[in-house]
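What the coordinates show
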Amino acid sequence: MSSRLPPSTPSGATGLPHSIDSPDMSRAGRELLSLALIDARNHTLHLLSLYEQALGVEALSVPPVPEEEGVVPPVWLAGHIGWFAEWWIGRNTQRAFGVDCPVRPTRLAAIDPGADGWWNPAQSAPGQCWSPSLPDLAQTKAYLLETLESTLELLEHAAETDAGLYFYRLALFHEDLRGEQFVVMAQTLGLPLGIEQAPVAVTREPLLLPATRWELGLPDSGFAFAQERAAHRVDVPEFEIDAQPITWSQFIEFVDDGGYDREELWHGQGWRWLAAQVEGRRGPRHVEQIGVARNGSGGSVLQQRFGATVRAAGHHSAVHLSWWEADAWARWAGRRIATEVEWEIAAHTAARRGFRWADVHEWTAGTLQPWPGYRADPWSAGSEFDPAAAFGKARVLRGASFATRARLRSPRRRGFALPERDDGFFGFRTCAL
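Residues numbered from 1 in each chain as written. Predicted model: local features only at pLDDT ≥ 70, side-chain atom pairs only at ≥ 80, totals over all residues. Heavy atoms only, no water.

Per the secondary structure count, the protein includes 10 helices and 13 strands. The buried share among the 433 residues of the protein stands at 55%. In the structure as shown, the protein presents an accessible area of about 18,300 Å², 52% of it carried by carbon and sulfur atoms. (Helix = DSSP H or I, 4+ residues; strand = E, 2+ residues; numbered from the N terminus. Buried < 20%, exposed > 50% of the residue type's maximum accessible area, 1.4 Å probe, protein only. Areas by Shrake-Rupley, 256 points an atom, 1.4 Å probe, with all protein chains shown as cover.)

This is the structure we're talking about:
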């Protein structure tokens, strides 16, 4: 898998991808899409095997946790991945309409009669994913292989058009998203998955980028979630942006200066979020100790990483931050969080000048809004892609997608999240005021 930067073209540029790791996979044709779907399913099965090793039991049982933790049984999550593809491809007789597919298309019967009751969140009873009556690991793996085989057979005969390939591209991005969820759940549960931390990169000075007119969002061609559609031009003045995300050394200074106790640094909603945290939050999630080192080493961070306590290097990206914490640091430093369009311009044009895709998601300021011509995907609720959550007070995540691929980075997918979310490997970079 390649971890290269995006190509040096605007986000709406034409051109077909030449690799399954390309950020242009939203335009992939049948052949490349088939390879990517196989790769994604192999990655899902690999993650299941890592869970099996970590938990030591075939059932992969984990204790029920509060819903806000975002943890579900790993076997259920795997089954849901297969169900999602079958629901929108194998069982959807009107899949060829693509984005214009009816809200309730005519559907065939499932491979397994119990599939909807087990894996459809819109139809199953509350807490059903924790039921002991769900299929076991062996049955779930068999279902994953059956649904993949069905998907690939239908893909061979799909029209080589955006409409004809829409749901296959949707299934690919959905599986990438769920692969990432597997890794985030392991971090939350403290399960060792054998994932090594990325090496520390060379720290570079902030970059000054000239004023430009940029196309933000994706055009109508190719696949895009509702949040990314309706490409439009944006005039962007000259700006200075960090070459890499904020590091632990930088964040430690904020903590030691009483950043978590200074209300004037926090957005009103962020301050209320902080006050609501159990036991008084004084550092990012999964951090056990943070502060200036007494031996002059420049700061110390002890964090939980997949069940092990590790000391983070000062030049590693600060992670597991909510958007509220990132915003408070930026105010303390006299800077601001980079906007989505600024991040995108830098990622596409400044790679040779030192702009680095990091080993984390990145928070950027919420500039993405419903544009003229926007309409929500009619199947958003059933497929758990609700675009409403990406608007209003939500912020947009951009950056290298952590752990969706075997080697931890993929530019294929970008995500959206509410500002209080802190369970993923989230970092941030800033711009000058």
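Okay, the sheet that holds strand 5 (residues 287–291) next. Here three strands make up an open sheet; going across it, the order is 5-6-7 and the pairing antiparallel. Strands at the two margins of the open sheet, each flanked by one partner only, are strand 5 and strand 7 (308–311). If you compare each strand with its neighbour and ignore which way they point, the axes differ by 20 degrees on average. Pairing of strand 6 (residues 300–305) with strand 7 involves four bridges; the strand directions are antiparallel. (Pairing = 2+ DSSP bridges. Axes fitted to C-alpha atoms, helices over the stretch in contact; angles between N-to-C directions.)

Within this structure, the stated rule accounts for 19 salt bridges. Residues Asp422 and Arg285 are paired through a salt bridge, measuring 3.0 Å at the closest nitrogen-oxygen approach. Residue Asp422 is located in the loop between strand 11 (416–417) and strand 12 (426–428), and its partner Arg285 is located in the loop between helix 7 (268–275) and strand 5; the two are separated by 137 residues in the primary sequence. With respect to class, Asp422 is no different from Arg285; both count as buried. Between Arg336 and Glu342 there is a salt bridge, with its nearest N and O atoms 2.6 Å apart. (Salt bridge = Lys/Arg side-chain N within 4 Å of Asp/Glu carboxyl O.)

Next up on the list: helix 1 (residues 30–55). When the terminal C-alpha atoms of helix 1 are compared, their 37 Å separation across 26 residues agrees well with the 38 Å that a helix rising 1.5 Å per residue should span. Two residues or fewer past helix 1, Gly56 is found with a positive phi of approximately 75 degrees. (Expected span 1.5 Å × (residues − 1).)

This part is about the packing of helix 6 (residues 248–256) against helix 8 (residues 323–332). Relative to each other, helix 6 and helix 8 sit at 80 degrees, their axes nearing to 10 Å. Overall, the two elements helix 6 and helix 8 adopt an arrangement that is roughly perpendicular. Of the residues in helix 8, those in contact with Gln250, Phe251, Glu253 and Phe254 of helix 6 are Glu325, Ala328, Trp329 and Trp332. Among the residues making up the contact of helix 6 with helix 8, the classes are represented as five nonpolar, one polar and two charged. (Parallel < 35°, antiparallel > 145°, perpendicular 65-115°, else oblique. Contact = heavy atoms within 4.5 Å. Nonpolar A, V, L, I, M, F, W, Y, C, P; charged D, E, K, R; others polar.)

A separate point is the packing of aromatic side chains. Within the structure shown, the criterion is met by 22 aromatic pairs. Among the aromatic residues, those joined into a ring-pair cluster are Trp248, Phe251, Phe254, Tyr260, Trp266, Trp271, Trp329, Trp332 and Phe428. For Arg107, the ring lying beneath its charged end belongs to Trp88, and the centroid distance is 4.6 Å. (Phe/Tyr/Trp six-rings, centres within 6.5 Å; stacked < 30°, edge-to-face > 60°. Lys NZ or Arg CZ within 6 Å of the ring centre and 35° of its normal.)

Another point: the packing of helix 1 against helix 5 (residues 162–189). Interaxial distance between helix 1 and helix 5 falls to 10 Å at its minimum, and their mutual angle equals 20 degrees. As judged from the angle between their axes, helix 1 and helix 5 are roughly parallel. Our pair here, helix 1 against helix 5, has a crossing hand that is left-handed. Within the contact between the two elements, helix 1 uses Arg30, Leu33, Ala36, Leu37, Ala40, Arg41, Thr44, Leu47, Leu48 and Tyr51 and helix 5 uses Leu165, Tyr168, Arg169, Ala171, Leu172, Glu175, Asp176, Gly179, Phe182, Val183, Met185 and Ala186. Residues that form the contact of helix 1 with helix 5 fall into these classes: 15 nonpolar, two polar and five charged. (Left-handed = near helix turned anticlockwise from the far one by under 90°.)

Quick look at the nonpolar core now. One finds Leu33, Leu37, Tyr51, Leu170 and Phe182 to be the most contacted residues of the largest nonpolar core, which totals 59 residues. Put simply, the parts of the chain that give this core at least two residues each are helix 1, helix 2 (74–90), helix 3 (115–119), helix 4 (137–156) and helix 5. No other element matches the 12 residues that helix 5 contributes to this core. By size, the runner-up hydrophobic cluster in this structure holds 30 residues, among which are Phe254, Trp324, Trp329 and Phe428. (Core = buried A, V, L, I, M, F, W, Y, C linked by side-chain atoms within 4.5 Å.)

Unlike most non-glycine residues, Glu279 shows phi in positive territory, near 65 degrees. You will see that His320, though not glycine, has its phi angle at about 65 degrees, which is positive. Within the element layout of this structure, His320 appears in the loop between strand 7 and helix 8.

Within the structure shown, the criterion is met by two cavities of 30 Å³ or more. Of the pockets and cavities examined, the largest cavity occupies roughly 80 Å³. Taken together, 11 residues form the lining of the largest cavity, with Gln197, Arg305, Val319, Asp359 and Phe425 sitting closest to its centre. Of the voids in this model, the second largest cavity is the one considered here, and its volume is about 60 Å³. If you trace the second largest cavity, you find it lined by Leu37, Arg41, Ile81, Phe84, Ala85, Leu148, Thr151, Ala171, His174 and Glu175. (1 Å grid on protein atoms, 1.4 Å probe; cavity = no way out; pocket = protein on both sides within 12 Å on 5 of 7 lines; lining within 4 Å. Points joined across faces, edges and corners; volume = space filled by probe spheres on them.)

Our next topic: the environment of Ala351. Residue position: Ala351 is located in the loop between helix 9 (340–349) and strand 9 (361–364). For the pair Ala351 and Ala243, spaced 108 residues apart in the sequence, the C-alpha separation amounts to 9.2 Å.

Time to look at a negative patch on the surface. Together, Glu146, Glu149, Glu153 and Glu156 line one region of the surface with negative charge. Position of Glu153 relative to the elements: it lies in helix 4. According to the relative accessible area criterion, Glu153 is partly exposed, its value standing at 45%. (Patch = residues over 30% accessible without salt bridge, like charges linked within 9 Å, V, L, I, M, F, W, Y side chains within 5 Å. Lys, Arg positive; Asp, Glu negative; His and termini not counted. Charge placed at Lys NZ, Arg CZ, Asp CG, Glu CD.)

Quick look at helix 7 now. Since the α-helix advances by 3.6 residues per turn, residues separated by three or four positions end up pointing in the same direction. Turning to helix 7, its buried residues are Gly270, Trp273 and Leu274. Taken down its axis, helix 7 places every buried residue within 100 degrees of arc, on the same side. When the buried face of helix 7 is taken as reference, the exposed residues oriented beyond 90 degrees from it are Arg272 and Ala275. Of the surrounding secondary structure, the elements contacted by the buried residues of helix 7 are helix 8. (Arc of directions from axis to C-beta.)

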